[in-house]
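Close look at the chain arrangement
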Amino acid sequence: MKKARDIFGSLFGRIFIPVLLGLVFISVTVSFTVLYMSRQVFTDTYGASQEKVFSRIEKELDDFHDDLQDMMTAIDSSWAFRLFLDSKEEMDNMDRFRNIYQMEADLEAAKSSDMESMNILVLGLNDRHYLSRTETISMTDDAIWESAPVRLAVDEPDVMHYQVSHGGYTATAKGRDVIIISKALYYQETGEIYAVVLITLTQDDMRRFYDYFITDYSSFYMTDKEGMVLCSDDRAAVGGKNEASWMSYISDREGDRFITEDGTNLTVLRRELTYQDCMIYGIIDNDKALGGLYNMPLLIFICVLISAIVLVLVLFLTSRAMLPLARLAGKMTKVQEGDFMEYMPVEGTSEVRNLAVTYNYMLDDIKSYIDELMNTQQEKRTAEIKALQMQINPHYIYNTLASIKWMVYAGDREKTIKMIDAFISLLRNTISNADEFITVKQEVENLNNYTLINQMRYGDTVRVAFHVEDECMDCLMPKMILQPFVENAFFHAFPSGRKGNINIYMEKTGENLAVSIADDGVGMKQDRADMELNRDTKKEHFSGIGMHNVRDRLSLLYGDEAEVLISSVENKGTTVSIRLPAMSSEHSDDNNAGTDGTEEGRNGL
Amino acid sequence: MRRLPTVFLILILGVFMVSCTGQSEGATGDGEISTGRDDKNIVVWTWNETFNVKAAKLAADKYKTSHPDADIVVETMEREEIMTEVKNMLSTGVYDRLPDIVMIEDYDAQDVLTHYQDEFVDLTDSIDMDKFADYKTKLCTMDGKMYGIPFDSGTAALFYRTDILEEAGYSSPALIDMTWEEFEEMSRTVHEKTGKYMLTLDPTDMPVARIIMQSCGRWYVGSDGYTADIADNESLKRSLDVYRKLIKSDGAKSVNGWNDFISAFQNGDVAGIITGCWIISDIKAVPEQSGLWRISNIPVFADMEECVPASNVGGSSWYVMKNSAHSKAAKDFAVEMFAHDDELMDTFIEEIGLIPAVKDPTIYNNYEAKDPFFQNQKVTKLLSELADEIPAVNYGRRTYEIEDILEEEFQNVIESGDYNECLKKVEVKAAAVSK
């Protein structure tokens, strides 16, 4: 889901989708417009041209009818046929031999060339028959006289009747749908019928009249006046009543050409054959004809192909244009992560080149700005630390010096020297030594000196013990971190000469240095202990550094990696736990090379 | 990664469109109006319902038992119609309604092969030419290639009704090895005594003239097949004489066309038939006449030494069309059934009275079968033996055209009997058409 939104949201998607939709829209509208227009034109022109072909069928059927009419007349007026069909008595054998030949000759003369093998049966009332073909009659005479075509002919002897029949009078017509054309021959004077001519045509015989009209999408029907299909290329319809849907559509309409509109889009051609008393219909399926005219799959294939090519082109060009932008986006992500070295190569379109130049320039700017900021911060912090280190309380020095004076007065020489040594060492380490980091060993020494001075001044009711793991000794820590807590314990945990111990534990736990300063003094409530961290110290103490200063420094130096906790229980004591990253002294030497340099400079002043 | 969905989109679009058009195509395909003949069927065109058509149907039925997929349609046509239609289709090159197998009468074979040799399937390598009688294979052959499968022999014989002849005072032995003079005499007597005729003669079709000519080893054309041999053709002149005498003396009945010819003997109006043995199926079509018929050899002219009592009339062969819809399947069917299946031939002998046009008919089980219809004569054996004696002639290509001319001219001399004059005229016209 998110991916899909990415595609549609991206610049690429915004170009691709409208182009795709546009192409589809153009293809569809143009195709349909062209198809619709040409369909109209086609239906009209094709229908009109087929109408001409159709008229030819009509003419040929009429010509055929005329030929048949001529033949009927020829038979009727042939003396040979008359003699053969007329006489009731047996003819002389020789006369008959000649008569038979003459009938054949008369009929041959009357037949047009396309009637060569036509099935002509002439049936006389005197039980004589003449069959033009080398085959046998498969019905009895009575049955023939009873058949519908003969009866029609007898009822209406003036015209030729076209009838469809399943099976004819001869062997070759057996089981076939044939057209039987019947005509009665009669004496002009009396009107008495003496013979019937029956012409049998197969569907194949008829087909030559309309074959050139037939295609995959046009068909032909010839029906008699009752709507019985005499012949058609649709063999299933032959012999039945024509009940096609288009029949009902055109049945009560005037005209020769119709275009049905009931969803099938047929052009129906209609002609009435007056002489034959028949109708002929030509049906053109315009949909199918158009289907043949237009190669729809090809049309669609071309549309799809062109669309695909255009889309691939769009795809290619946009992705090429977008490539530098995508790269830029990637680089910007890295900048976010703090890597300012990711410059853009200047290439691609002019806009993109401008963008790259500007971006690179901006990147340079940001980098120099941040470097500057870092330097300023560094200097500011160093200055702050210096300032803190300078906060050795002058009162403490006066008071300590006053204590030493009293010791000199008391004459305790040894003790005095000890006191002065400790004091000198303390001052050197705190004031003279500008290093921010000292080893644990030095810190312990400082604390020892501080404790010694305090015990000299106030008595040794509070004892201080160090428990430092050997491996901690070389670790580095910021100086003057522990002193404020020890001082705090001295002056607040043991009021009014109370005796007690302060234990200082230092150990390495994993990557960290853990220090705890635990006293067994009066303690306090936990909420007060938390406040204690933020309180300022009194003037007479060694340094002005409050416990809150310690916490600030640690967070300045280490960030979240250092922490200070105080836990206290009333009358039980207070424990201050400090955790800070353990740094070995060798390592720190490199780190603080710069600061060493500044200290030397200061010494020189 | 970004291209992938696009490619899919295009693919899906393409597949969708193609499938759409595919569907619409299929829809229009279903409604297509079929033109021409039905698909799948092997179409056979032949004539004569009791003989050739029946044979083709028997073959089709047998073939379907071993080839259930085969679909064979036998269409009854008229002989002349087949020739006209096939020639029309071949000359226009319109093959969509062309049948796959046609039967062609031997008289027409050379004509058709000369004009349309390439339209027929060459069967030379598919069938054993030596199996069939030489005079038949010659008719089916063009340029040394065999195109037809010989079917029936047209061995001519005299078929006669013993009951009618007995009524006229003739017994069976009298009809064997007759002369034409004896036959004319007999015809007259039969008509006088019984009112029936010994023969039918058709002014529009003269097979008896052809039978007589071939029995003397002559034809309308010479042995080259195209030089008209009419004016000096003694056998033809004598055959016209036979016609004239038989008609004048009421010995033969004048009939009109095939239907009259068949119904004449089927109705019992005539006591005899001289024609090819393929008529047996039509004779047998009237079961009431069973046992009343016998078969004998044809008459000869006593004074003509070359004349033998054996001849041929009609006879046909099967041809496979090369450019029809199912030519290959049709060839398999025709070759397997009509050229190789001896069992089927036995069936034909029994069912339709076929006399196979083969060199050695003794291979068939029914060769010596007695036929109760013909008073237990061994019909096949009898006719096959006659066939061996048939003089070979070259029919050429214009048999029916020349005969049309002869019929016309014959009308003019039937009264006078001036055959020389008649035949001279015929020869001039025949020479014109046979070139």
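Residues numbered from 1 in each chain as written. Chains lettered and ligands numbered in written order. Predicted model: local features only at pLDDT ≥ 70, side-chain atom pairs only at ≥ 80, totals over all residues.

Let's shift gears to the overall build of chain A. Across its full length, chain A carries 19 helices and 18 strands. The 605 residues of chain A split such that 30% are buried. (Helix = DSSP H or I, 4+ residues; strand = E, 2+ residues; numbered from the N terminus. Buried ≥ 20, exposed ≤ 12 C-beta atoms within 10 Å, placed from the backbone.)

This part takes up the pairing of strand β7 (residues 229-232) of chain A. Consecutive side chains of a regular strand alternate in pointing toward one face of the sheet and then the other. Residues and elements named next belong to chain A. Taken together, the 3 bridges between strand β6 (residues 218-224) and β7 define a ladder with antiparallel strand orientation. Among the inter-strand pairings, M222 is bridged to a residue of β7, identified as C231. Where β6 folds back on β7, the antiparallel hairpin that results is connected by 4 residues, among which G227 adopts a positive phi of roughly 90°. (Pairing = 2+ DSSP bridges.)

Once that is clear, we can look at the sheet that holds strand β8 (residues 257-259) of chain A. Residue and element names in this part refer to chain A. Taken in spatial order, the 5 strands of this open sheet run β7-β6-β10-β9-β8, and their pairing is antiparallel. The two strands at the open ends of the sheet, each matched to only one other strand, are β7 and β8. Neighbour-to-neighbour, the strand axes of the sheet open up by a mean angle of 20°, direction not taken into account. Two strands pair when backbone bridges link them, and β8 and strand β9 (residues 266-273) are joined in this way by 3 bridges, in the antiparallel orientation. Pairing of I259 across the sheet is with T267, part of β9. (Axes fitted to C-alpha atoms, helices over the stretch in contact; angles between N-to-C directions.)

Our next topic: helix α3 (residues 79-86) of chain A. Every buried residue of α3(A) is listed here: A:F81, A:F84 and A:L85. Taken end-on, α3(A) shows its buried residues confined to a sector of 85°, consistent with a single buried face. (Arc of directions from axis to C-beta.)

So, about the nonpolar core. Residue and element names in this part refer to chain A. Of all hydrophobic cores here, the largest spans 193 residues; its most connected members are V122 and I179. Apart from the residues within four sequence positions on either side, V122 is in contact with I75, F81, L85, H129, Y130, A195 and V197. Formed by 41 residues, the second largest nonpolar core is a distinct cluster that contains V440, V462, C472 and M547. (Core = buried A, V, L, I, M, F, W, Y, C linked by C-beta atoms within 7 Å. Contact = placed C-beta atoms within 7 Å.)

A few words now on unusual backbone geometry. Residue and element names in this part refer to chain B. You will see that D143, though not glycine, has its phi angle at about 55°, which is positive. Its place among the elements puts D143 in the loop between β4 (141-142) and β5 (145-146). For D143, a count of 9 C-beta atoms within 10 Å puts it in the exposed group. At Q375, a position not held by glycine, the phi torsion is positive, near 55°.

Once that is clear, we can look at the confidence of the model for chain B. Do not read the predicted coordinates in detail wherever pLDDT is low. All names here are of chain B. Averaged over every residue, the pLDDT of chain B is 88; residues scoring 70 or more account for 91%. With pLDDT under 50 throughout, residues 1-5 is counted as low confidence; its partners more than four residues away or in other chains account for 4 contacts. For this predicted complex, the interface score ipTM comes out at 0.82, alongside a pTM of 0.65. (pLDDT = per-residue confidence, 0-100.)

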